[in-house]
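Breakdown of the fold
The residues making up each chain are set out below.
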Amino acid sequence: KTLKQRFLRLLPCYPSASSSSTNQNSEAGDGELSTVYCRPEGLDQLAQRTKFNRRELQILYREFKNECPGGTVDEEGFKSIYSRFFPQGDSSMYAHFLFRAFDTQRDGAVSFQDFVTGLSSILRGSVTERLSWAFCLYDLNNDGCISKEEMTDIMHSIYNLMGKNTSPGMKASAPDEHVDLFFRKMDRNRDGVVTMEEFMETCRKDENIMQSMHMLDHVI
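Residues numbered from 1 in each chain as written. Predicted model: local features only at pLDDT ≥ 70, side-chain atom pairs only at ≥ 80, totals over all residues. Heavy atoms only, no water.

Observations regarding the environment of Gly-71
- Counting through the fold element by element, Gly-71 comes out in the loop between α4 (54-67) and β1 (72-74).
- Exposure remark for Gly-71: the relative accessible area of 6% places this residue in the buried category.
- Taking the C-alpha atoms as reference points, Gly-71 and Ala-109, 38 residues apart in sequence, are found 9.7 Å from one another. (Helix = DSSP H or I, 4+ residues; strand = E, 2+ residues; numbered from the N terminus. Buried < 20%, exposed > 50% of the residue type's maximum accessible area, 1.4 Å probe, protein only.)

Focus on helix α10 (residues 174-186)
- Taking 1.5 Å per residue as the helical rise, α10 with its 13 residues ought to reach 18 Å, and the 18 Å between its terminal C-alpha atoms agrees with that figure.
- All of the buried residues in α10 are Ala-174, Pro-175, Val-179, Phe-182, Phe-183 and Met-186. (Expected span 1.5 Å × (residues − 1).)

A word on the confidence of the model for the protein
- Chain-level statistics for the protein give a pLDDT mean of 82 and a share of 76% at 70 or above.
- Segment residues 1-38 is flagged for pLDDT under 50; beyond a separation of four residues in sequence, or across chains, it makes 78 contacts in the model. (pLDDT = per-residue confidence, 0-100. Contact = heavy atoms within 4.5 Å.)

Points about the UniProt feature "domain: EF-hand" (unreviewed entry) in the protein
- According to UniProt, the feature "domain: EF-hand" (unreviewed entry) maps to residues 90-125, 126-161 and 174-209 in the numbering used here.
- For residues 90-125, the end-to-end C-alpha separation is 30 Å, with 67% helix and 8% strand making up the annotated structure.
- Along residues 174-209 the backbone is 72% helical and 8% strand, and the end-to-end C-alpha distance reaches 20 Å. (UniProt positions renumbered as here; feature names shortened; annotations may be inferred.)

A look at the packing of helix α9 (residues 148-162) against α10
- Running from N to C, α9 and α10 cross one another at 135 degrees; their axes reach a closest spacing of 9 Å. One element, α9, and the other, α10, form an angle in the oblique class. The hand of the α9/α10 crossing is right-handed. Each of Lys-148, Met-151, Thr-152, Met-155, His-156 and Tyr-159 in α9 lies in contact with α10, whose residues at this interface are Ala-174, Pro-175, Asp-176, His-178, Val-179, Asp-180, Phe-182 and Phe-183.
- In the contact of α9 with α10, the residues fall into 8 nonpolar, 3 polar and 3 charged. (Axes fitted to C-alpha atoms, helices over the stretch in contact; angles between N-to-C directions. Parallel < 35°, antiparallel > 145°, perpendicular 65-115°, else oblique. Left-handed = near helix turned anticlockwise from the far one by under 90°. Nonpolar A, V, L, I, M, F, W, Y, C, P; charged D, E, K, R; others polar.)

Looking at the packing of aromatic side chains
- For the coordinates displayed, the defined rule picks out 13 aromatic pairs.
- Measuring from ring centre to ring centre gives 5.5 Å for Phe-78 and Phe-99, while their planes differ by 70 degrees; the resulting arrangement is edge-to-face. Placement of Phe-78 in helix α5 (residues 75-83) and of Phe-99 in helix α6 (residues 92-102) is noted, with a sequence separation of 21 residues between them.
- The exposure class assigned to Phe-99 is buried, which follows from its relative accessible area of 3%. (Phe/Tyr/Trp six-rings, centres within 6.5 Å; stacked < 30°, edge-to-face > 60°.)

Here's the deal with the pattern of salt bridges
- Considering all chains together, one arrives at 11 salt bridges under this definition.
- Across the salt bridge formed by Asp-44 and Arg-54, the nearest N and O atoms sit 3.0 Å from each other. Residue Asp-44 is located in helix α3 (residues 43-49), and its partner Arg-54 is located in helix α4; the two are separated by 10 residues in the primary sequence.
- By relative accessible area, Asp-44 is classed as partly exposed at 41%.
- A residue is classified by how much of its surface remains accessible, and Arg-54, at 31% relative accessible area, is partly exposed.
- Glu-177 is paired through a salt bridge with Lys-171; the nearest N and O atoms lie 3.3 Å apart.
- Through salt bridges with shared partners, a single network forms among Glu-75, Glu-76 and Lys-79. (Salt bridge = Lys/Arg side-chain N within 4 Å of Asp/Glu carboxyl O.)

What follows is the structure in structure tokens.
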């Protein structure tokens, strides 16, 4: 799998092999949107709100509807979808954090609008928009800064997701060591938390982070 394919598998509606047939039938358009229980806004409106064009939204919508025929997905459904991509590990905690990031309305459900809005920021947003989305993912209590406790929870969820059978094997202390490294790089004033400003400034100066972001420019 390419890096781009692996990235998309972090998301619940990764285009499957059936996407080729989806492309052939993409002219169905808005008429198909009325077939779900929770009808999303029209493709034209979503194209204005996001950085996806109408054809891309049609493809994404079909994939979303295949997984979420009711038009929305709750947290348990989101976890179930997500777990299929990481059968060797426990993805439930990371999926919980990711669900929170997509559930911007805080109503316990992710709609197609929620999904493509978040996906647009991740894949098509400016550097500032992408970094802001990542910061909000890590800022678990939404207080405007990332604490060591929050980053520890995130890191443990990522290592749990990867599973214990990775090669080479990971030390049990690896998540905590990763957190320490994160704070040494990001916490510029050594006050024990990382602010949005510190996060943005450090990431913008990190060549590897910037390169990885630009690799996502044409995923879809």
